[in-house]
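# Structure assessment
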Amino acid sequence: LKAVILIGGPQKGTRFRPLSFEVPKPLFPVAGVPMVQHHIEACAKVPGMKEILLMGFYQPHEALSRFLVSAQQEFKIPIRYLQEYAALGTGGGIYHFRDQILSGGAEAFFVLNADVCSEFPLQEMLEFRQQHGDAHSFVILGTTANRTQALNYGCIVANADTQEVQHYVEKPSTFVSEIINCGIYLFTPAIFQHIGEVFQRNQQELVLEESSNGWQRAEVIRLEQDVFTALAGRGKLYVYKTDGFWSQIKSAGSAIYASRLYLNQYSKSHPERLAQNKPGCPIIRGNVYIHPTASIDSTAVLGPNVSIGEGVTVGAGVRVRESIVLHGASLHDHTCVLNTIVGWDSTIGRWARVEGTPSDPNPNDPYAKIDSETLFRDGRLTPSITILGMSHLHPAPHSEASLGLTPHALSAGCSVTIPAEVVILNSIVLPHKELSRSYKNQIIL
């Protein structure tokens with residue numbers, strides 16, 4: 001067995017690039033560890049897993065290299081990074097590196113998108129495949145969404161008895177099914193035959209065109225639209241439906257929500273990772289992660305659903321709830337931080353209040369997913385969580401990817417200084433800003 005984790009690459013064409021990342025998006029901390037570490041941990045637990053491959057088109061990066069070394073040491077499994085020469089799509093990337101994936105005689109491999117959070121029921125998917133289909137069948141992880149939100153995902157129509165995928169449509173314009181694609185797959189080497197057919201078809205279509213970049217265009221293959229749609233109904237594709245938690249991580253608001261989901265999972269599977277109420281320690285409410293190097297005053301109140309990063313300083317009487325505080329940040333005495341991502345090395349002055357508006361799924365709908373709002377609605381900035389950490393308006397071609405910050409995020413950038421006794425509400429603050437007054441529903445350049 002092997003696992004391929006698709007970490008993507010720098011996003012182009014976005015107006016705002018949040019959080020001024022010094023590291024690729026998959027290394028953004030969620031529940032105290034890099035986002036992609038949750039994927040790696042789940043893969044490393046699968047018996048027979050021989051190697052984990054991270055695949056994307058980020059430029060080689062020191063932070064990524066350090067992470068790979070530490071992850072190999074922690075999980076005792078080889079981990080490599082394969083860099084695409086261009087954005088090749090979910091199918092084109094694994095097809096381009098098919099020799100690397102199949103080296104060593106891998107009989108099957110998982111493919112996981114990095115921008116999702118989940119319980120990752122990989123062992124269950126393996127057992128499901130043994131009970132359904134043949135030795136060359138493939139499995140998609142699916143979950144249930146409500147009828148309205150299902151239109152935003154790949155929709156799966158499956159046989160109720162066999163779970164064979166009979167019809168697949170990516171982001172349909174009308175309702176097709178409540179079962180959606182989770183972006184986690186189990187393949188055998190036979191998948192490359194089907195991807196190869198798409199590649200050959202793309203090449204034939206390009207023969208009629210004059211293009212200096214034809215080979216690259218032929219290699220751009222989307223698993224969902226180009227492969228799954230064609231495989232549906234042919235007895236090769238099955239769906240394993242999970243009732244465990246799952247969410248996309250495409251916005252700042254969804255990062256807060258994903259952190260909450262993982263912290264809740266820690267309370268069941270790794271309670272030792274969570275802070276506990278002890279004499280002389282801060283007051284903990286609910287699930288809270290605190291990095292060992294953080295300095296927290298005993299009168300601070302943290303939680304629920306708070307993640308405190310490396311080297312963070314939290315003063316007396318500070319209140320933090322539903323927030324992620326990244327490394328090196330300083331929260332001075334009696335500050336209040338709610339529904340916020342506090343960027344690296346940012347400072348919040350005494351008695352200041354930094355607050356965002358949560359963009360959680362409908363709590364009364366068990367199948368509701370988190371929505372990715374647009375930055376503006378009716379000409380106004382959409383209220384959402386607060387983020388201290390936004391970067392430049394127009395990213396350079398090789399800049400790091402963003403969290404996909406949507407208007408629902410209040411952002412105060414890296415090395416942002418919030419003065420004492422001000423209120424910052426639902427605003428986006430770019431890096432290296434020293435504010436002098438309160439702001440509400442604004443983008444601060």
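Residues numbered from 1 in each chain as written. Predicted model: local features only at pLDDT ≥ 70, side-chain atom pairs only at ≥ 80, totals over all residues. Heavy atoms only, no water.

Short version of the rule: UniProt positions are given in the numbering used here, feature names are shortened, and annotations may be inferred rather than shown by experiment.
In the nomenclature of an unreviewed UniProt entry, the protein chain corresponds to GMPAA guanyltransferase from the organism Eolophus roseicapilla. Note on the protein chain: under the UniProt heading Sequence similarities (unreviewed entry), the record states "Belongs to the transferase hexapeptide repeat family."

### What to know about the overall build of the protein chain
How we decide: Where helices and strands are cited, they refer to DSSP runs of H or I of at least four residues and of E of at least two residues respectively, numbered from the N terminus. In what follows, residue pairs with any heavy atoms lying within 4.5 Å of each other are defined as contacts. The protein chains shown are the only cover counted for residues, whose accessible areas, like all others here, come from Shrake-Rupley with a 1.4 Å probe.
Secondary structure summary: the protein chain contains nine helices and 35 strands in total. For the protein chain, the proportion of contacts with a sequence separation of at least 24, taken over those separated by at least 6, is 62%. Summed over all atoms, the accessible surface of the protein chain reaches about 18800 Å², with 48% contributed by carbon and sulfur.

### Comments concerning the pairing of strand S10 (residues 165–170)
Counted only if it meets this: A pair of strands counts as paired when DSSP detects no fewer than two bridges linking them.
Examined bridge by bridge, strand S9 (residues 154–158) and S10 share five bridges and lie antiparallel to one another. Residue pairing across strands places alanine 158 opposite valine 165, the latter belonging to S10. Counted between consecutive antiparallel strands, the loop separating S9 from S10 contains six residues, among which glutamine 163 sits at a positive phi close to 65°.

### Thoughts on the confidence of the model for the protein chain
Predicted coordinates in areas of low pLDDT are best not read in detail. Put simply, the rule is: One number per residue, pLDDT, summarises how confident the predictor is, and it ranges from 0 to 100.
This prediction gives the protein chain a mean pLDDT of 87; 88% of its residues lie at or above 70. Counted against residues more than four places away or in other chains, residues 12–22, with its pLDDT under 50, gives 51 contacts. The low-confidence segment residues 390–413 (pLDDT under 50) makes 137 contacts with residues lying over four places distant or belonging to another chain.

### Notes on the packing of helix H1 (residues 35–44) against helix H2 (residues 62–75)
Convention followed: Between the N-to-C directions of two axes lies an angle of 0 to 180 degrees, each axis being a line fitted to C-alpha atoms and, for a helix, fitted only over the stretch in contact. Here the word oblique covers every angle except those under 35 degrees (roughly parallel), over 145 (roughly antiparallel) and from 65 to 115 (roughly perpendicular). Crossing handedness is read from the near helix: turned anticlockwise from the far helix by less than a right angle, it gives a left-handed crossing, and turned clockwise, a right-handed one. Residues were grouped as follows: Ala, Val, Leu, Ile, Met, Phe, Trp, Tyr, Cys and Pro as nonpolar; Asp, Glu, Lys and Arg as charged; and all remaining residues, including Gly, as polar.
The N-to-C vectors of H1 and H2 enclose an angle of 30°; their axes lie 11 Å apart at closest approach. Between H1 and H2, the crossing angle belongs to the class labelled roughly parallel. Note on packing geometry: the crossing formed by H1 with H2 is right-handed. Here Val36, Gln37, Ile40, Glu41 and Ala44 of H1 lie close against H2, whose contacting residues are Phe67, Ala71, Glu74 and Phe75. Its residues placed into classes, the contact of H1 with H2 shows six nonpolar, one polar and two charged.

### Brief notes about the sheet that holds strand S16 (residues 295–296)
Strand order in the open sheet formed by five strands is S16-S19-S22-S25-S31, with parallel pairing between adjacent strands. Of all strands in the sheet, those with a lone pairing partner are S16 and strand S31 (417–418), marking the two edges. Pairing geometry for S16 and strand S19 (residues 313–314), over two bridges, is parallel. Looking at S19, one finds that serine 295 is bridged to threonine 313.

### A look at the side chain of lysine 369
Keep this limit in mind: In protein, a polar contact requires one atom able to donate a hydrogen and another able to accept it; more generally it is a pair of N or O atoms within 3.5 Å, and residues adjacent in sequence count only if both atoms are side-chain atoms.
Checked against the element boundaries, lysine 369 lands in the loop between strand S26 (353–355) and strand S27 (376–377). Only 3.2 Å separates the side chain of lysine 369 from the backbone oxygen of threonine 144, close enough to count as a polar contact. Apart from the residues within four sequence positions on either side, lysine 369 is in contact with Thr143, Thr144, Ala145, Gln149, Tyr153, Ile180, Trp246 and Pro361.

### Topic: unusual backbone geometry
Residue proline 304 is reached from glycine 303 by a cis peptide bond, and omega for that bond is 0°. Phi is positive for asparagine 441, close to 55°, though the residue is something other than glycine.

### Things to note about the packing of aromatic side chains
Just so we agree on the cut-off: Note on aromatic contacts: the rings of Phe and Tyr and the six-membered ring of Trp form a pair at centre separations within 6.5 Å, being stacked when their planes are under 30 degrees apart, edge-to-face when over 60 apart, and tilted otherwise. Throughout this description, buried means an accessible area under 20% of the type-specific maximum (1.4 Å probe, protein chains only), exposed means over 50%, and partly exposed covers the range between.
Within this structure, the stated rule accounts for 11 aromatic pairs. Their ring planes at 20° and their centres at 5.7 Å tell us that tyrosine 185 and phenylalanine 187 sit as a pair that is stacked. As far as burial versus exposure is concerned, tyrosine 185 and phenylalanine 187 are alike and both buried. Ring centres of phenylalanine 245 and tyrosine 262 lie 5.7 Å apart, and the angle between their planes is 85°; on these two criteria the pair is classed as edge-to-face.

### Comments concerning the environment of tyrosine 168
Positionally, tyrosine 168 belongs in strand S10. With a relative accessible area of 1%, tyrosine 168 lands in the buried category. Linking tyrosine 168 and alanine 230, residues 62 residues apart in sequence, is a C-alpha distance of 8.4 Å. Excluding residues within four positions of it along the chain, tyrosine 168 makes contact with Gly154, Cys155, Ile156, Asn181, Glu224, Phe228, Thr229 and Ala232. For tyrosine 168, the side chain forms a polar contact with the side chain of glutamate 170, separated by 2.7 Å. A polar atom in the side chain of tyrosine 168 sits 3.0 Å from the side chain of asparagine 181.

### Examining the side chain of threonine 90
Tracing the sequence through the fold places threonine 90 in helix H3 (residues 89–96). The class for threonine 90 is buried, based on a relative accessible area of 18%. A distance of 3.1 Å separates the side chain of threonine 90 from the side chain of glutamate 224, its partner in a polar contact. With sequence-adjacent residues up to four places away left out, threonine 90 is seen in contact with Leu6, Asn113, Ile221, Arg222, Leu223 and Glu224.

### A look at H2
We apply this condition: A helix is expected to reach a length of 1.5 Å times the quantity of its residues less one. Read the arc as the range of directions from the helix axis to the C-beta atoms.
With 14 residues, H2 should cover 20 Å at 1.5 Å per step; its first-to-last C-alpha distance of 20 Å lies within 8% of that length. If you check which residues of H2 are buried, you get Ala63, Leu64, Phe67, Leu68, Ala71 and Phe75. Buried residues of H2 fall within an arc of 135° about the axis and therefore sit on the same side. Turned more than 90 degrees away from the buried face of H2, the exposed residues are Glu62, Arg66 and Gln73. Positive phi appears at lysine 76, one or two residues downstream of H2, with a value of about 55°.

### Comments concerning the pattern of salt bridges
Counted only if it meets this: One side-chain nitrogen of Lys or Arg within 4 Å of one carboxyl oxygen of Asp or Glu is enough to make a salt bridge.
Scanning the entire structure with this criterion turns up 10 salt bridges. Of the charged contacts in the structure, one is a salt bridge between lysine 45 and glutamate 41, with a shortest N-O distance of 3.9 Å. Lysine 45 sits in the exposed class, given a relative accessible area of 56%. On the basis of relative accessibility, which here comes to 12%, the residue glutamate 41 falls in the buried class. With a shortest N-O distance of 2.9 Å, glutamate 355 and arginine 353 are connected by a salt bridge. Judged by its relative accessible area of 22%, glutamate 355 is partly exposed.

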